Amino acid sequence: LKSGHVPVTPPATSPACQHRLWSEIESVVKQQVAWARTGIGECGVGWQLFAEDGEMRMYRREEEVDGMAVDPLKAVHTVPGITGHEVCHYFFGPQYRYDWETTLEQMTVLETISEDTLVFLQTHKRIWPASQRDVLFWSHMRKLPNESDRDGPDLWTVVNNSTHHPDYPPNVGKCVRIYLKVCLLCQTRVDPPKDGAPLTRDNISCKITYCSVVNPGGWAPASVLRAVYKREYPKFLKRFTAYVVNQTKNKPIMF
Ligand code: 16C
């Protein structure tokens, strides 16, 4: 060191836009949000309703790659009392994941790209007789401006997308790596009280769209996979949204 030079500790996180994954994150987020915004009847693809409970509807399309089911899923739900920012906050935050993700065995944050962009490695519970699965993905949370109502609440999204990490190659240990693309898109609706009274949780609701495509990575019978999807997706969306309602009920509203 030259005299007078003080060693500079690099920042804990670098700006996400300088990261090697950034151009991929930008393009996948744009594409996934556009796809999530496309209505069920809109693009001529035949969605089949496979689960319904109150306001929740889940649709899938049967698709196979090399005999393996990779059915795209699209779910819509409306939940009173919570905002889109809150839903995305609890879906994204690693500190909450064990609370609501019932198929999770272990979660590690491999990299903090920025406060809204993380790389996760997760192992999930084994379904007998198939091999156990793991998944390595970046996760990005973002606020999207409300284009239809500039004074209305913003939209929020979390996009998860499989990626690689040199220290964690796929299929070396006991786990088979699965590959996923997931988009959670949330829109807050506000129904202001007529008498000018302060806004409470009774005046808000959140429209949630959840889209996913999961490739199981190694062979598993389509019938087993479809049975797992049918059971696990409704369980996830009901449990996760109930968790957000419960976590936020006595907290100030986070728009
Ligand atoms: O989006 C969700 N969660 C996010 C945060 O964790 C993230 C991760 C998703 C991983 C989804 C893969 C889960 C594989 C689990 C294996 C099944 C275990 C069942 C154990 C039952 C005792 O985006 C919410 C995800 C909701 C999960 C729905 C389940 C999807 C099934 C996929 C099946 C894959 C292969 C199974 C091999 C036989």
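The notes below deal with the structure included here. (Residues numbered from 1 in each chain as written. Predicted model: local features only at pLDDT ≥ 70, side-chain atom pairs only at ≥ 80, totals over all residues. Heavy atoms only, no water.)

**Quick look at the overall build of the chain**
Phase 1: If you tally the helices and strands in the chain, you get four helices and 12 strands.
Phase 2: Computed over the C-alpha atoms, the radius of gyration of the chain is 20 Å, within 12% of the 18 Å expected from 2.2 N^0.38 for a compact globule of 255 residues.
Phase 3: If you line up the chain on its principal axes, its C-alpha atoms span 65 × 65 × 35 Å.
Phase 4: Burial statistics for the chain: of 255 residues in total, 48% are counted as buried. (Helix = DSSP H or I, 4+ residues; strand = E, 2+ residues; numbered from the N terminus. Rg over C-alpha atoms; globule rule 2.2 N^0.38 Å. Buried < 20%, exposed > 50% of the residue type's maximum accessible area, 1.4 Å probe, protein only.)

**A short note on the site of the ligand**
Phase 1: The local shell around the ligand holds 24 residues, among which Glu-101, Gln-122, Asn-160, Ile-178 and Tyr-210 are the closest.
Phase 2: In the environment of the ligand, an oxygen atom lies 2.5 Å from a nitrogen or oxygen atom belonging to the side chain of Glu-101.
Phase 3: Between the ligand and the protein, one listed contact pairs an oxygen atom with a side-chain N or O atom of Tyr-210 at 2.6 Å.
Phase 4: When the free accessible area of the ligand is taken as 850 Å², the share hidden by the protein chains comes to 93%.
Phase 5: The site holding the ligand turns out to be the largest pocket.
Phase 6: Of all the secondary structure elements, the ones that give two or more residues to the shell around the ligand are α3 (97-100), β7 (117-124), β11 (179-190) and α4 (222-248).
Phase 7: Here the element with the most residues in the shell around the ligand is α4; it accounts for seven residues.
Phase 8: Taken together, the residues of the shell around the ligand sort by class into 14 nonpolar, four polar and six charged. (Near = heavy atom within 4 Å. Polar contact = N/O pair within 3.5 Å; in protein donor to acceptor, adjacent residues only side chain to side chain. Areas by Shrake-Rupley, 256 points an atom, 1.4 Å probe, with all protein chains shown as cover. 1 Å grid on protein atoms, 1.4 Å probe; cavity = no way out; pocket = protein on both sides within 12 Å on 5 of 7 lines; lining within 4 Å. Sits in = over half its atoms within 2 Å of the grid points. Nonpolar A, V, L, I, M, F, W, Y, C, P; charged D, E, K, R; others polar.)

**Overview of the pairing of strand β12 (residues 204-215)**
Phase 1: In terms of residue burial, β12 counts as a mostly covered element, since nine of its 12 residues are buried.
Phase 2: Bridge count between strand β5 (residues 73-80) and β12: eight bridges; the pairing is antiparallel. In the sheet register, Leu-73 faces β12, and the bridge partner there is Ser-212.
Phase 3: The pairing of β11 with β12 spans 12 bridges and is classified as antiparallel. Looking at the pairing, Val-190 lines up with Ile-204 of β12. (Pairing = 2+ DSSP bridges.)

**Section: the environment of Tyr-179**
Phase 1: With respect to the secondary-structure elements, Tyr-179 resides in strand β11.
Phase 2: Sequence separation between Tyr-179 and Thr-163 is 16 residues; the distance between their C-alpha atoms is 8.3 Å.
Phase 3: Sequence-distant contacts of Tyr-179, defined by excluding residues within four places in its chain, comprise Ser-162, Pro-170, Val-213, Val-214 and Asn-215. (Contact = heavy atoms within 4.5 Å.)

**Considering empty space enclosed by the protein**
Phase 1: The final tally for this structure, using the stated rule, is one cavity of 30 Å³ or more.
Phase 2: In terms of lining, the largest cavity is formed by Phe-50, Arg-60, Asp-71, Leu-73, Tyr-229 and Tyr-233.
Phase 3: Of the residues that constitute the lining of the largest cavity, the class distribution is four nonpolar, no polar and two charged. (Points joined across faces, edges and corners; volume = space filled by probe spheres on them.)

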